[in-house]
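# Coordinates in review
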Amino acid sequence: MRFAILGAGRIGIAHVSTLMAQTGVSELLVADLDPARARTAAESVGAASHGTIDDAFSFRPDGIVIAAPTPAHAELILRAVRAGIPTFCEKPLAESLASSVAVVEEVERHDVPVQIGFQRRFDAGYRAAKQALEAGDIGELRRLHLLTCDPTPPPAEYIPQSGGIYRDCHIHDFDILRWVTGREVVSVFATGTNRGAAFFGEAGDVDESAALLTLDDGTLATLQGSRYNGAGYDVRMELAGTLGNRSVGLDDRVPLTSAEPGVGFPAGTPWPNFQERFAAAYSAELAAFVSVAAGERPSPCTPREALEALYIAEAATLSRAEGRSVRLDEVRG
Ligand SMILES: NC(=O)c1ccc[n+]([C@@H]2O[C@H](COP(=O)([O-])OP(=O)(O)OC[C@H]3O[C@@H](n4cnc5c(N)ncnc54)[C@H](O)[C@@H]3O)[C@@H](O)[C@H]2O)c1
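Reading the values: rules and limits
- Starting from 1, residues in each chain are numbered consecutively following that chain's sequence as written.
- Since the coordinates come from a predicted model, pLDDT governs what is reported: local features require at least 70, and pairs of side-chain atoms require 80 or more to be given and counted, while whole-chain, interface and lining totals use all residues.
- Only hydrogens and water are set aside when side-chain values are computed; all heavy atoms of the structure are taken into account.
- Strand pairing is assigned whenever DSSP detects at least two bridges linking the two strands.
- The helix and strand labels rest on DSSP assignments: H or I over at least four residues marks a helix, E over at least two residues marks a strand, and numbering proceeds from the N terminus.
- Between the N-to-C directions of two axes lies an angle of 0 to 180 degrees, each axis being a line fitted to C-alpha atoms and, for a helix, fitted only over the stretch in contact.
- UniProt positions are given in the numbering used here, feature names are shortened, and annotations may be inferred rather than shown by experiment.
- Aromatic rings from Phe, Tyr and Trp, taking only the six-membered ring of Trp, are treated as a pair when their centres fall within 6.5 Å; an angle between ring planes under 30 degrees marks them as stacked, one over 60 as edge-to-face, and anything in between as tilted.
- Each residue is placed in one exposure class: buried if its accessible area under a 1.4 Å probe, protein chains only, is under 20% of its type's maximum, exposed if it is over 50%, and partly exposed if it falls in between.
- In this analysis the charged atom, NZ for Lys or CZ for Arg, is taken to sit over a ring once it is within 6 Å of the ring centre and within 35 degrees of the ring normal.
- Nonpolar core, defined: a set of buried Ala, Val, Leu, Ile, Met, Phe, Trp, Tyr and Cys residues in which side-chain atoms within 4.5 Å join the residues together.
- Annotation comment: domain bounds sourced from an automatic or database domain assignment.
- In this analysis, two residues are considered to be in contact whenever any of their non-hydrogen atoms come within 4.5 Å of each other.
- Any residue with a heavy atom lying within 4 Å of a molecule or strand is counted as near it.
- By the criterion applied in these results, polar contacts are pairs of N or O atoms within 3.5 Å in which, for protein atoms, one can donate a hydrogen and the other can accept it, and in which residues neighboring in sequence qualify only through two side-chain atoms.
- Using a 1.4 Å probe, accessible areas were evaluated by the Shrake-Rupley method; residue-level cover was limited to the displayed protein chains.
- Lys, Arg, Asp and Glu make up the charged group, whereas Ala, Val, Leu, Ile, Met, Phe, Trp, Tyr, Cys and Pro make up the nonpolar group; the residues left over, Gly among them, are polar.
- For this document, the term salt bridge refers to a Lys or Arg side-chain nitrogen within 4 Å of an Asp or Glu carboxyl oxygen.

## Side note on the sheet that holds strand E5 (residues 87-90)
Ordered by their spatial adjacency, six strands build an open sheet running E3-E2-E1-E4-E5-E6, and the pairing between neighbours is parallel. Each end of this open sheet is capped by a strand with a single partner; those strands are strand E3 (48-51) and strand E6 (114-117). Here the strands of the sheet are splayed against their neighbours by 20 degrees on average, with no regard to which way each runs. Alignment of strand E4 (residues 63-66) against E5, held across three bridges, turns out to be parallel. Counterpart to Val-65 in the pairing with E5 is Phe-88.

## Looking at the UniProt feature "domain: GFO/IDH/MocA-like oxidoreductase" (unreviewed entry) in the chain
The positions UniProt marks with the feature "domain: GFO/IDH/MocA-like oxidoreductase" (unreviewed entry) are residues 126-244. Along residues 126-244, the helical share is 25% and the strand share 34%, with 16 Å between the first and last C-alpha atoms.

## Let's talk about the packing of aromatic side chains
Evaluated as defined, the whole model comprises six aromatic pairs. Aromatic pair Phe-88 and Phe-289: ring centres 5.8 Å apart, planes at 55 degrees, arrangement tilted. Of this pair, Phe-88 sits in strand E5 while Phe-289 sits in helix H11 (residues 279-293), and the two are 201 residues apart along the sequence. Of the residues examined, Phe-289 reaches a relative accessible area of 0% and is grouped as buried. Taken together, the aromatic side chains of Phe-3, Phe-88 and Phe-289 make up a single cluster linked through ring pairs. One cation-aromatic arrangement involves Arg-10 over Tyr-158; the distance from NZ or CZ to the ring centre is 4.7 Å. Here the basic side chain of Arg-79 rests over the ring of Phe-57, its NZ or CZ set 4.1 Å away from the ring centre.

## A look at the nonpolar core
Formed by 82 residues in total, the largest nonpolar core has its most connected members in Leu-6, Ile-77, Phe-174, Val-188, Leu-213, Met-237 and Leu-239. The dominant element in this core, judged by the number of residues it contributes, is helix H12 (residues 303-322), at nine residues. For this core, the two domains that each supply at least three residues are domain 1 (2-120 + 282-301) and domain 2 (123-275 + 309-332). Those residues within four positions of Ile-77 in sequence are excluded, and the remaining contacts are Ile-66, Cys-89, Leu-93, Val-103, Val-107 and Val-114. Counting residues in hydrophobic clusters, the runner-up holds 20 residues, among them Ala-8, Phe-289, Val-292 and Ala-293.

## Description of the site of the ligand
Neighbouring the ligand are 26 residues; Arg-10, Asp-32, Arg-37, Lys-91 and Tyr-282 lie closest to it. In the environment of the ligand, an oxygen atom lies 2.9 Å from a nitrogen or oxygen atom belonging to the backbone of Ile-11. In this structure, an oxygen atom belonging to the ligand sits 3.3 Å away from a side-chain N or O atom of Tyr-158. In isolation the ligand exposes 850 Å². Once the protein is present, 87% of that is buried. Where the shell around the ligand is concerned, the elements lending two or more residues are helix H1 (10-20) and helix H4 (73-82). Partitioned by chemical class, the residues of the shell around the ligand number 13 nonpolar, seven polar and six charged. Counting contributing residues, the shell around the ligand receives three or more from each of domain 1 (2-120 + 282-301) and domain 2 (123-275 + 309-332).

## Structural notes on the UniProt feature "domain: Gfo/Idh/MocA-like oxidoreductase N-terminal" (unreviewed entry) in the chain
Taken from the UniProt record, the annotation "domain: Gfo/Idh/MocA-like oxidoreductase N-terminal" (unreviewed entry) applies to residues 1-118. The span residues 1-118 carries 40% helix and 22% strand; its end-to-end C-alpha distance comes to 23 Å.

## Looking at unusual backbone geometry
Excluding glycine, a negative phi dihedral is what most residues carry, and trans is how most peptide bonds are arranged. Here the bond from Lys-91 into Pro-92 is cis, since omega is -15 degrees, no more than 30 degrees from zero. Note on placement: Pro-92 falls in the loop between E5 and helix H5 (97-107). Here Arg-60, not a glycine, exhibits a phi torsion of approximately 50 degrees, which is positive. Looking at where Arg-60 falls in the secondary structure, it is placed in the loop between helix H3 (53-58) and E4. Since its relative accessible area comes to 53%, Arg-60 is described here as exposed.

## Description of the pattern of salt bridges
Using the criterion set out here, one finds 25 salt bridges in the structure. For the salt bridge of Arg-121 with Glu-305, the shortest nitrogen-to-oxygen distance reads 3.0 Å. Separated by 184 residues along the polypeptide, Arg-121 in the loop between E6 and helix H6 (124-135) and Glu-305 in helix H12 bring together distant segments of the chain. Look at Arg-121 and you get buried, because its relative accessible area is 3%. Put simply, Lys-91, Asp-150, Asp-168 and Arg-227 are held in one network by salt bridges that share partners.

Spelled out as structure tokens, the structure:
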């Protein structure tokens, strides 16, 4: 099968090698607005060619992977769907709520599968936690904590087009919260601060974040994030209930140091970045997309589900801006 990747930046270049390693992928074209980036990414693997965005569509691929910046997602998804090409697009669905709703409505009028890139759904730990909750091993869920911390900020130029920390980063937490628990968020109180580089504040964004989320069964969830977690890349989820608990991400590479004398855990090298922490998950999600493009399975993460995660991010963004709790009904309306 033939694939094209649009965007060869931080995540795009990783997807190039991950996609080429999948069974069933014979040809790959890498396209970027910057021809040098497309060429470098293509040359990093064998059997890949490079070109412009128009070249990627003329190539008539069996599937398109969009790894361009968030403001380009809506236009590229719709161009691919109108051309009848199965599409994978990185999160978030689009840069604004209005364009995300428009994308969902148009995608649902076509019979072309679209998969959004929430790779945590393919991570072994999150999958095991979901199974444990569904099997009743945790009992009735009472407590949930989510954590997403980068060791260092993304490049300064990334931030103004990212949509802010809730849409860009915590959207992963919002999606996995819904997916693991099967529950909806009804209200959010979010806050954040600027302790780091001036470019966060200049873009109206924060580099330290926290939120309290209430689920539709009354479960309280807390969330924290940072762009300056010196110990490493720390992504975790804790679920606790009336019978037991599960901790996702608590492995030998978790960037934690115990203060207890004699404790040797964790023994490994801390996760340095998202590319290493989620390498297996990215591979599994792109393997799923190859099956989607082959018509063997439906999309495992539709634009409609991505929109649900975006509603939570919108509520969190509004909550932080106005310093009040925001009900999801308000942003849906
Ligand atoms: N799932 C994840 O874990 C994850 C991780 C990082 C980024 N992302 C998402 O991936 C997207 C890209 O992020 P990044 O960090 O790789 O950004 P980046 O800035 O490193 O790379 C973006 C690339 O796209 C190119 N580009 C710009 N406009 C384009 C267009 N219209 N068509 C094609 N290419 C274009 C740029 O030249 C650049 O090479 C963002 O939407 C981001 O939210 C997801």
